[in-house]
Amino acid sequence: MTTGPAGGRGLRHVYSGKVRELYQASDGTLLLVATDRISAFDYVLQTPIPDKGKILTRLSAWWFDQLADIVPSHLVDAPIPAEFADRAMACRWLSMVPVECVARGYLTGTGLADYHRDGGVAGVELPVGLGDGSRLPEPIFDPDTKAAAGQHDENLTRADLVALVGADTAAELERITLAVYRRGADVAAKRGIIVADTKIELGFDDAGVLRLADEVLTPDSSRFWPAESWQPGRAQLSFDKQYVRDWLTSPASGWNRGSGEPPPPLPASVVDQTRQTYIAAFERITGLRWG
Ligand SMILES: Nc1ncnc2c1ncn2[C@@H]1O[C@H](COP(=O)(O)OP(=O)(O)OP(=O)(O)O)[C@@H](O)[C@H]1O
Ligand SMILES: [Mg+2]
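Given the structure is predicted, the values throughout are model-derived calculations rather than measurements. (Residues numbered from 1 in each chain as written. Chains lettered and ligands numbered in written order. Predicted model: local features only at pLDDT ≥ 70, side-chain atom pairs only at ≥ 80, totals over all residues.)

Undergrad: I'm lost on unusual backbone geometry in this one. Help?
TA: Apart from glycine, the bulk of residues carry a negative phi angle, and the bulk of peptide bonds sit in the trans form. One non-glycine residue, Asp51, lies in the positive phi region at around 75°. Locating Asp51 in the fold gives a position in the loop between strand 5 (43-44) and helix 1 (52-66). The partly exposed category is assigned to Asp51, around which 18 C-beta atoms lie within 10 Å. Of note, Asp86 is a non-glycine position whose phi angle comes to about 70°, a positive value. Here Asp86 is to be found in the loop between helix 1 and strand 6 (88-91). Asp86 gets classed as exposed once you count the C-beta atoms within 10 Å, which come to 12. (Helix = DSSP H or I, 4+ residues; strand = E, 2+ residues; numbered from the N terminus. Buried ≥ 20, exposed ≤ 12 C-beta atoms within 10 Å, placed from the backbone.)

Shown next as structure tokens:
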């Protein structure tokens, strides 16, 4: 454990994630601070996206409220130090369930790869003939391990999940994940956005209650597609970091993903376009104005 820049003011720095910094306040509260860092292909990029941390924090707070009847969140009512204004949440420390709880409503990304290989996703058999962007007959719970830093998350079978967390918790994770996905998809649909998939993290509080942690239904944790241009059978337009992934893998970046070299810095135009995309996601989903 190290003492961060805020250490002199009763905050102890305890952990750096890819995007967030965790501090413990003197009253024991967790301060979850979202930076402007962006990750892609398991790398933290060297170029920040201005305001990204504030956008994710505000959007998550909005969703925690929308989801409160489904699952309680980790938020507590405590003051946020001025230096982290608008980019921090005061939270309970939870005992985190070491699982990335993914729900898929549409087929793309690793879900699509699993379908091509196995004819199904997470043990659920699917009809033949689905393509990139196809809507699934029912949303599917598709948990991954939460890998240690530098490692890739890996698919968990149902048996793996039960072995890891027990049958009761496994059933709760599935129930909550699918309920959060369905609520998120319903709310976003009213604004013309498809939630293709989303990832949540849950943890137990001191009373043994499962709470929603981290962030929820943000462009970092979800795929958001504009409904008006959705067309299965091809890659979709999106309100998330797909733009950054596409640039990194285009000839313009000069980067070879297989080289083992870290990605190059992002040009100003890509930074600005990505920032606008995150703002568009926030504004469309919440109906609020950014800034
Ligand atoms: N209420 C909470 N109590 C304890 N830990 C939490 C809570 N909310 C979030 N976390 C943890 O804080 C970290 C947030 O950091 P961040 O989102 O940057 O991480 P990440 O990139 O998703 O993953 P990693 O932690 O592997 O780097 C995650 O490890 C998450 O599990
Ligand atoms: Mg995270």
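Undergrad: I tried to follow helix 4 (residues 167-189) on my own but got confused; where do I start?
TA: Each full turn of the α-helix corresponds to 3.6 residues, which orients residues three or four apart in the same direction. Relative to the 33 Å expected for 23 residues at 1.5 Å per residue, helix 4 spans 33 Å between its end C-alpha atoms, a close match to the ideal helical length. Along helix 4, the positions that sit buried rather than exposed are Ala170, Leu173, Ile176, Thr177, Val180, Tyr181, Gly184, Ala185 and Ala188. (Expected span 1.5 Å × (residues − 1).)

Undergrad: Honestly, the pairing of strand 16 (residues 222-226) in this entry has me stumped. Any pointers?
TA: Along any regular strand the residues' side chains alternate between the sheet's two faces. Of all five residues in strand 16, four are buried, a share of seventy percent or more. Across five bridges, strand 13 (residues 193-200) lies against strand 16 in antiparallel orientation. What sits directly across from Ile193, in strand 16, is Pro226. (Pairing = 2+ DSSP bridges.)

Undergrad: What exactly am I supposed to notice about the sheet that holds strand 2 (residues 20-24) here?
TA: Whether parallel or antiparallel, the strands of a sheet pair through hydrogen bonds between backbone atoms. Across the sheet, four strands lie side by side as 1-2-3-6; this open sheet has antiparallel pairing. Unpaired on one side and paired on the other, strand 1 (12-16) and strand 6 mark the two borders of the sheet. Ignoring strand direction, the axes of neighbouring strands in this sheet form an average angle of 25°. The pairing of strand 1 with strand 2 spans four bridges and is antiparallel. Directly across from Tyr15, in strand 2, lies its bridge partner Leu22. (Axes fitted to C-alpha atoms, helices over the stretch in contact; angles between N-to-C directions.)

Undergrad: I would appreciate a short explanation of the pairing of strand 3 (residues 30-34) in the present structure.
TA: Burial analysis of strand 3 places five of its five residues in the buried class, which makes it a mostly covered element. The alternating pattern of strand 3 places Leu30, Leu32 and Ala34 and Leu31 and Val33 on opposite faces, both of which are buried. Sheet analysis places strand 2 next to strand 3, joined by five bridges and oriented antiparallel. When the sheet's bridge partners are listed, Leu22 is paired in strand 3 with Leu32. Counting the residues that bridge the hairpin from strand 2 to strand 3 gives five residues, and of these Gly28 lies at a positive phi of roughly 95°. Examined bridge by bridge, strand 3 and strand 6 share four bridges and lie antiparallel to one another. Along strand 6, the bridge assignment pairs Leu30 with Cys91.

Undergrad: Could you clarify how one ought to interpret helix 6 (residues 268-286) in this entry?
TA: Its 19 residues place the ends of helix 6 27 Å apart at the C-alpha level, agreeing with the 27 Å of an ideal helix rising 1.5 Å per residue. Listed as buried for helix 6 are Val271, Thr274, Thr277, Tyr278, Ala281, Phe282 and Ile285. One face of helix 6 carries all of its buried residues, which in axial projection span an arc of 130°. Within helix 6, the exposed residues directed more than 90 degrees away from the buried face are Ala268 and Ser269. (Arc of directions from axis to C-beta.)

Undergrad: Can you help me understand the sheet that holds strand 7 (residues 95-96) in this one?
TA: Taken together, three strands build an open sheet; the order of strands is 7-14-15 and the sheet is antiparallel. The sheet terminates laterally at strand 7 and strand 15 (210-212), the two strands that pair on one side only. Here strand 14 (residues 202-204) pairs with strand 15 via three bridges, running antiparallel. Pairing of Gly203 across the sheet is with Arg211, part of strand 15.

Undergrad: Looking at this model, I keep getting lost on the environment of Leu126. Mind explaining?
TA: Among the secondary structure elements, Leu126 is positioned in the loop between strand 10 (124-125) and strand 11 (135-141). Linking Leu126 and Leu11, residues 115 residues apart in sequence, is a C-alpha distance of 50 Å.

Undergrad: Mind showing me how you'd approach the site of ligand 1 here?
TA: With respect to spatial proximity, 18 residues lie near ligand 1, and among them Gly17, Lys18, Val19, Arg20 and Ala213 are the closest. Of the residues in the shell around ligand 1, the class split is ten nonpolar, three polar and five charged. (Near = placed C-beta within 6 Å. Nonpolar A, V, L, I, M, F, W, Y, C, P; charged D, E, K, R; others polar.)

Undergrad: Honestly, the nonpolar core in this entry has me stumped. Any pointers?
TA: Across soluble globular proteins, nonpolar side chains show a tendency to be buried alongside one another. With 67 residues, the main nonpolar core has Leu31, Ile193, Val195, Leu202, Leu212 and Val216 as its most contacted residues. Per element, the largest residue contribution to this core is seven residues, and it comes from helix 4. If we ignore the near neighbours within four places in the chain, the residues touching Leu212 are Phe64, Leu67, Val71, Ser73, His74, Ile200 and Leu202. (Core = buried A, V, L, I, M, F, W, Y, C linked by C-beta atoms within 7 Å. Contact = placed C-beta atoms within 7 Å.)

Undergrad: I'm lost on the packing of helix 1 against helix 6 in this one. Help?
TA: Any two packed helices are characterised by how steeply their axes cross, that is the angle between the axes, and by the distance between the axes. Where helix 1 meets helix 6, the axes come as close as 10 Å, and the angle between the chain directions of the two elements is 20°. By the angle between their axes, helix 1 is roughly parallel relative to helix 6. Relative to helix 6, helix 1 is oriented so that their crossing is left-handed. On helix 6, the residues that touch Lys52, Ile55, Arg58, Leu59 and Trp62 of helix 1 are Arg275, Tyr278, Ile279, Phe282, Ile285 and Thr286. Its residues assigned to classes, the contact of helix 1 with helix 6 shows seven nonpolar, one polar and three charged. (Parallel < 35°, antiparallel > 145°, perpendicular 65-115°, else oblique. Left-handed = near helix turned anticlockwise from the far one by under 90°.)

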